[in-house]
Amino acid sequence: MTNDTAIAFDSVKEAFAPVTDALKNMQNMEVPESAREFVKKATATAKERVADAFAGSEKVTAAIETAVADGVSEATKIGRNIQQAIHEDTEAFFDGLDKLASAKTISEAVQIQSELARARGEALISRAKSSTEYFGKLVTDGAKTLQDNFAKAYTKSA
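Here we summarise the structure given alongside this text. Remember, it's a predicted structure, so these values are computed and weren't measured experimentally.

Of the regular secondary structure elements, the chain holds four helices and zero strands. The secondary structure elements of the chain, listed N-terminal to C-terminal, are α-α-α-α. For the chain, buried positions account for 8% of its 158 residues. Put simply, the chain shows about 13,000 Å² of open surface, and 62% of that area lies on carbon and sulfur atoms.

What follows is the structure, given as C-alpha cells:
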C-alpha cells in the first residue's frame, strides 16, 4: 500500500506540475505600469471619497450641534419669559388688591374688579398671540436652518 500511495502521489504531482511551475514563475512576473497606475488612481479616488464623506459627516454633526445649542438657547429664553410673565401677574394681582382696598363703595370695588379682569384678559390674549407667533417663527426658522445645513452637507459629500 505504501508503494501504491507513492505512485498515486507522484501521479498527482506530475499532473499539477504545470500549475506549480506557473505559480513559481508568477513570483518573478512584473506587474505592468498601467495596472499599478490604475491601483494608485483607484486608491486616491477612494481616499478623496472617504475624506468627502468625513467632511459631510462633520457638517451634519455641526448642524445638529447648532440645532441643539439653538434649542437650549430658545428654551432658556422661554423660561425667562415665563418667569417674567409670572412676576408681572403677581405684581398686577397685588396692585389690584391695593386698588380694591382703596374702594369706598361696593359698586366702586366691582368696577375696579371688572377693570382688573379686563386688563388681565387683554394681557393673557396678548401673551397667547405673541407666544403663537414666536413658536411659529421658531419652528419655521429651525426647520429652514436644519434643511439648509443638511442640504449643504449632503451636496458636497454625495
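Resuming the write-up.
A side chain with one charge can pair with a side chain of the opposite charge if their charged atoms come near. Within the structure shown, the criterion is met by five salt bridges. With its nearest N and O atoms 3.6 Å apart, the salt bridge here joins Glu122 to Arg118. Here Glu122 pairs with Arg118, and both are found in helix H4 (residues 106-157), just four residues apart, close to one helical turn. Assessed through its relative accessible area of 51%, Arg118 is described here as exposed. The network of salt bridges with shared partners includes Glu88, Asp89, Arg120 and Arg127.

About the thresholds
Residues numbered from 1 in each chain as written. Predicted model: local features only at pLDDT ≥ 70, side-chain atom pairs only at ≥ 80, totals over all residues. Heavy atoms only, no water. Helix = DSSP H or I, 4+ residues; strand = E, 2+ residues; numbered from the N terminus. Buried < 20%, exposed > 50% of the residue type's maximum accessible area, 1.4 Å probe, protein only. Areas by Shrake-Rupley, 256 points an atom, 1.4 Å probe, with all protein chains shown as cover. Salt bridge = Lys/Arg side-chain N within 4 Å of Asp/Glu carboxyl O.

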